[in-house]
Amino acid sequence: RLAPRERALLRAWRRARALYSCAPRNNDDWYWLYAAVLGGPGAWLVSNDEMRDHHFGMLSPRAFVAWKERHLARFELGAHARDGSRRVELRPPPPYSVRMQRDVVDGPATAWHVPAASDGPGGAAWLCCAKDRGAAA
């Protein structure tokens, strides 16, 4: 059961059209996935769902994993306060995909950026590998 304060919040979300209820027995994942894609390039999906079950049913699971890295914001709930409230900590996605990336620099030289270690939530230490421009080919 919802507390009166939570029911009021739910009503406010419905009035603002910020909440969509799925029909019974429908898989809600398709609804939020559609809404997240419809939101455009800067939209975030706020969920702690790992979405592992979606990788298997897709034609291009690597593209989905890359999309998820850039658009999935995680959250944590703090302990209950005396007034019943809880602190919510939102962890936005990193501004870049944490995977090996190629950077074409001036001329034929190419640099590779490799995530070397986790720096904590949403961050990584990177190793940059590039050929010395003064070296013989």
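Residues numbered from 1 in each chain as written. Predicted model: local features only at pLDDT ≥ 70, side-chain atom pairs only at ≥ 80, totals over all residues. Heavy atoms only, no water.

Participant: Explanation requested: the side chain of H71 in the structure shown.
Facilitator: Mapped onto the elements, H71 comes out in helix 4 (residues 61–71). On the basis of relative accessibility, which here comes to 11%, the residue H71 falls in the buried class. Here P41 takes part through its backbone oxygen, which lies 2.9 Å from a polar atom of the side chain of H71. Contact partners of H71, with chain neighbours within four places excluded, come to G40, P41, A43, W44, L45 and P93. (Helix = DSSP H or I, 4+ residues; strand = E, 2+ residues; numbered from the N terminus. Buried < 20%, exposed > 50% of the residue type's maximum accessible area, 1.4 Å probe, protein only. Polar contact = N/O pair within 3.5 Å; in protein donor to acceptor, adjacent residues only side chain to side chain. Contact = heavy atoms within 4.5 Å.)

Participant: Explain the environment of G78 here, please?
Facilitator: The residue G78 is located in strand 2 (residues 72–80) in this model. Sequence separation between G78 and V88 is ten residues, and the spatial gap between their C-alpha atoms is 6.2 Å. With near-sequence residues (within four places) excluded, G78 lies in contact with R86 and R87.

Participant: Sorry, what's going on with the sheet that holds strand 1 (residues 45–46) here?
Facilitator: By definition, the strands of a sheet pair up through backbone hydrogen bonds, in either a parallel or an antiparallel sense. The strand order 1-2-3 describes an open sheet built from three strands, whose pairing is mixed. Across the chains shown, the open sheet's two edge strands, defined by having one partner strand only, are strand 1 and strand 3 (86–91). Strand direction decides the pairing type here: strand 2 and strand 3, joined by five bridges, are antiparallel. Bridge pairing links R74 to R91 in strand 3. (Pairing = 2+ DSSP bridges.)

Participant: Where do I start with helix 2 (residues 28–38) in this structure?
Facilitator: An α-helix turns once every 3.6 residues. As a result, residues three or four positions apart point the same way. When we look at burial in helix 2, the residues that qualify are D29, W32, L33 and A36. The arc enclosing the buried residues of helix 2, seen along the axis, measures out at 105°, which places them on a common side. In helix 2, those exposed residues whose orientation departs by more than 90 degrees from the buried face are W30, Y34 and L38. Residue G40 follows helix 2 closely and has a positive phi angle near 95°. (Arc of directions from axis to C-beta.)

Participant: I keep staring at the nonpolar core and nothing clicks. Help me out?
Facilitator: Side chains of nonpolar character tend, in soluble globular proteins, to be buried together. W32, L33, A36, L45, M51, F64, W67 and L72 form the largest nonpolar core, which has eight residues in total. Apart from the residues lying within four places of it in its own chain, the contact partners of A36 are A43, L45 and W67. (Core = buried A, V, L, I, M, F, W, Y, C linked by side-chain atoms within 4.5 Å.)

Participant: In this structure, what is going on with a nonpolar patch on the surface? I would like to understand it.
Facilitator: Residues L9, W13 and L19 make up a contiguous nonpolar surface patch of roughly 270 Å² in combined accessible area. For L9, the position within the fold is in helix 1 (residues 4–15). Given a relative accessible area of 43%, L9 falls into the partly exposed group. (Patch = residues over 30% accessible without salt bridge, like charges linked within 9 Å, V, L, I, M, F, W, Y side chains within 5 Å. Areas by Shrake-Rupley, 256 points an atom, 1.4 Å probe, with all protein chains shown as cover. Salt bridge = Lys/Arg side-chain N within 4 Å of Asp/Glu carboxyl O.)

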